[in-house]
Amino acid sequence: MAIPIDLSFSLFSYSFPAAIVIATFVPWFVYSVTLQSDIEALWSLKQEIDPYTISPSSFLQTWNFQVDPCDDPGERFLGIVCTIPADNSTARVVEIDLDAAGYNGFLTPVIGNLTELTILNLAKNRFWGPIPSSLSNLRNLTKLQLSNNLLTGFFPQIINNLKRLEIIDVSHNELSGSIPRNIANHRTLTVLILANNQFTGRIPDLMGLWQLNTLDLSRNQLNGHLLRLPARLKTLLLSSNNLSGHISPLKRFTNLETMDLSNNNFSGPIYHEILALPGVNRINLSINSFTEMEVVKISDRDSQLEVLDVHSNNISGHLSRNLATYPNLTTINLGDNQFSGRIPMEYGQMVDGTWRSVFLDNNWLVGRLPPQFNNSRVSITGSLAQNCLDCPDNIQLCNGGQKPASQCVEPNTW
């Protein structure tokens, strides 16, 4: 059992951005179970937190340094996991998994002294400052989760030393600069989430991340074309950037399940190979500059596609009857495009079947609705507004009216 004595000493002094020098004091243990430098690092982490943001029910409230963190803490030191040595060697802190309690404080570089950490999760709090370069010492780290904080500065080069990383999530911060090219050297990565920051420049070649299944770079300021991405991706989220060019490289991503490239500057056709990817269930290509959507009949093949959103593009031509052959499709948004012609009768059959949400608004569709759209027993959401349709006012999907007759032309027969 660790025995604390009535002795304190100065651990270190360092300068904050405001050039205020702070002295930190920690208890010293006789026969400590936990390595003393680990205790000091935990103490420093708590000391940097505004005490007014440590609520009575929070994990940090249980960090009582009158006891050894790894010596049978019971209800103390919640969020900490230690090694349990089989011999008389000292215990080490291997996980910090803090609760999302809104802690507000500077992310101290002393955290880099916890050299046996495998998991560092400080997500959903208000830690600020740069990501410390001292994290390069955490060579056993497998999960780095710092999302939903107030971190600033560039993505640190310290990642070069962290060869065992499997998960990086620094989303929802204020990080800037380019995504480092050497991130592709981390072949153990399975999840990379850098969303909701201020990253700029091009997406680097990530083919080296051959085990990566989740890539989320959405809501940044990235530009350029799609380059080489890992072929095993299941989730690809690139929305709300300035990316451009064609999306033909995605044809080969047969493992994809979720794809969101919305709110970019992609152009050209939406290839039928992408809509027919065997495992994809959600595709969002809205708010781009696509001009064509290829849809092939897939009744003789499996398709898991449930949600298709291509609204706010420049797609022209007639609505494809082949969309009705996708057996699991429930949600379709083709609004705000340049579609023309009549609504296929097959769409009416699907409205009476599996389709639950259909947005065809703000196009140039003409003619009468398939009869199933008039069926009051059909429960469906969506809109047919701002077309040139014969759309009765008593049908909810027609709410919002149609284009003025002066803007509408006679439909071509087909």
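All values reported here derive from a predicted model rather than from experimental measurement. (Residues numbered from 1 in each chain as written. Predicted model: local features only at pLDDT ≥ 70, side-chain atom pairs only at ≥ 80, totals over all residues. Heavy atoms only, no water.)

1. Remarks on empty space enclosed by the protein
Okay, step 1: By the definition in use, this model includes one cavity of 30 Å³ or more.
Okay, step 2: Considering only enclosed or pocket space, the largest cavity measures out at about 50 Å³ in volume.
Okay, step 3: Forming the walls of the largest cavity are Ile131, Leu144, Phe155, Pro156, Ile158, Ile159, Leu162, Leu165, Ile168 and Val170.
Okay, step 4: Here the lining of the largest cavity is built from residues that sort into ten nonpolar, no polar and no charged. (1 Å grid on protein atoms, 1.4 Å probe; cavity = no way out; pocket = protein on both sides within 12 Å on 5 of 7 lines; lining within 4 Å. Points joined across faces, edges and corners; volume = space filled by probe spheres on them. Nonpolar A, V, L, I, M, F, W, Y, C, P; charged D, E, K, R; others polar.)

2. A few points about unusual backbone geometry
Okay, step 1: Despite not being glycine, histidine 172 shows a phi value in the positive range, around 55°.
Okay, step 2: Tracing the backbone shows histidine 172 in the loop between strand S10 (167-169) and strand S11 (174-178).
Okay, step 3: For histidine 172, a relative accessible area of 36% puts it in the partly exposed group. (Helix = DSSP H or I, 4+ residues; strand = E, 2+ residues; numbered from the N terminus. Buried < 20%, exposed > 50% of the residue type's maximum accessible area, 1.4 Å probe, protein only.)

3. Remarks on the environment of leucine 222
Okay, step 1: Note that leucine 222 resides in strand S15 (residues 221-224).
Okay, step 2: In the structure, leucine 222 is positioned 22 residues away from threonine 200 in sequence and 4.7 Å away in space, judged by C-alpha atoms.

4. Looking at the packing of aromatic side chains
Okay, step 1: Tallying each qualifying case throughout the model produces six aromatic pairs.
Okay, step 2: Between the aromatic rings of phenylalanine 65 and phenylalanine 77, the centroid separation amounts to 5.2 Å while the plane-to-plane angle is 85°, which identifies the pairing as edge-to-face. Here the residue phenylalanine 65 occupies a position in the loop between helix H1 (36-47) and strand S3 (80-82), and phenylalanine 77 occupies one in the loop between H1 and S3, the gap between them amounting to twelve residues.
Okay, step 3: For phenylalanine 65, a relative accessible area of 4% puts it in the buried group.
Okay, step 4: Members of the aromatic cluster, joined through ring pairs, are Trp43, Trp63, Phe65 and Phe77.
Okay, step 5: The aromatic ring of tyrosine 271 is capped on one face by lysine 251, whose charged end is 4.1 Å from the ring centroid. (Phe/Tyr/Trp six-rings, centres within 6.5 Å; stacked < 30°, edge-to-face > 60°. Lys NZ or Arg CZ within 6 Å of the ring centre and 35° of its normal.)

5. Topic: the side chain of asparagine 140
Okay, step 1: Turning to its location among the elements, asparagine 140 is positioned in the loop between strand S7 (126-130) and strand S8 (143-145).
Okay, step 2: Look at asparagine 140 and you get buried, because its relative accessible area is 17%.
Okay, step 3: Within polar-contact distance, the side chain of asparagine 140 engages the side chain of glutamate 116 at 3.3 Å.
Okay, step 4: Residues in contact with asparagine 140, not counting those within four places in the same chain, are Thr115, Glu116, Leu117, Thr118 and Arg164. (Polar contact = N/O pair within 3.5 Å; in protein donor to acceptor, adjacent residues only side chain to side chain. Contact = heavy atoms within 4.5 Å.)

6. Let's talk about the pairing of strand S27 (residues 364-368)
Okay, step 1: Sheet topology places strand S25 (residues 338-341) next to S27; two bridges connect them, and they run parallel. Within the sheet, the bridge partner assigned to glycine 341 lies in S27 and is leucine 365. (Pairing = 2+ DSSP bridges.)

7. As for the sheet that holds strand S13 (residues 198-202)
Okay, step 1: Ordered by their spatial adjacency, nine strands build an open sheet running S5-S7-S9-S11-S13-S15-S17-S19-S21, and the pairing between neighbours is parallel. Only two strands of the sheet have a single partner each, and these edge strands are strand S5 (104-106) and strand S21 (289-293). Geometrically, the sheet is characterised by an average inter-axis angle of 15° between neighbouring strands, direction not taken into account.
Okay, step 2: In the sheet, strand S17 (residues 242-245) pairs with strand S19 (residues 265-270) via two bridges, with the strands oriented parallel. Each residue of the ladder has a partner; that of serine 244, found in S19, is asparagine 265. (Axes fitted to C-alpha atoms, helices over the stretch in contact; angles between N-to-C directions.)

8. A short note on the nonpolar core
Okay, step 1: The biggest cluster of nonpolar side chains holds 110 residues, and the ones touching the most others in it are Ile96, Leu120, Ile247, Met293 and Ile343.
Okay, step 2: When residues of this core are traced back to their parent elements, those giving at least two are H1, S3, strand S4 (93-97), S19, helix H2 (272-275), S21 and helix H3 (345-351).
Okay, step 3: With five residues, H1 is the largest single contributor of residues to this core.
Okay, step 4: With near-sequence residues (within four places) excluded, isoleucine 247 lies in contact with Leu226, Leu261, Phe266, Pro269, Tyr271, Ile274, Leu285 and Phe290. (Core = buried A, V, L, I, M, F, W, Y, C linked by side-chain atoms within 4.5 Å.)

9. A closer look at the state of the cysteines
Okay, step 1: Within this structure, the stated rule accounts for three disulfides.
Okay, step 2: Paired through a disulfide, cysteine 70 and cysteine 82 show a sulfur-sulfur distance of 2.0 Å. Across the S-S bond linking cysteine 70 and cysteine 82, the dihedral sits near -70°, which makes this disulfide left-handed. Here cysteine 70 is found in the loop between H1 and S3, whereas its partner cysteine 82 is found in strand S3, with twelve residues between them in sequence. Here cysteine 70 and cysteine 82 have matching classes, each one buried.
Okay, step 3: Here cysteine 391 is linked by a disulfide to cysteine 398, with a sulfur-sulfur distance of 1.8 Å. Residues cysteine 391 and cysteine 398 are joined by a disulfide whose S-S torsion is about -75°; by sign, that bridge is left-handed. Like cysteine 398, cysteine 391 is buried.
Okay, step 4: For the protein, the bonded cysteines connect in the pattern 1-2, 3-6, 4-5 when numbered consecutively along the sequence. (Disulfide = S-S within 2.5 Å.)

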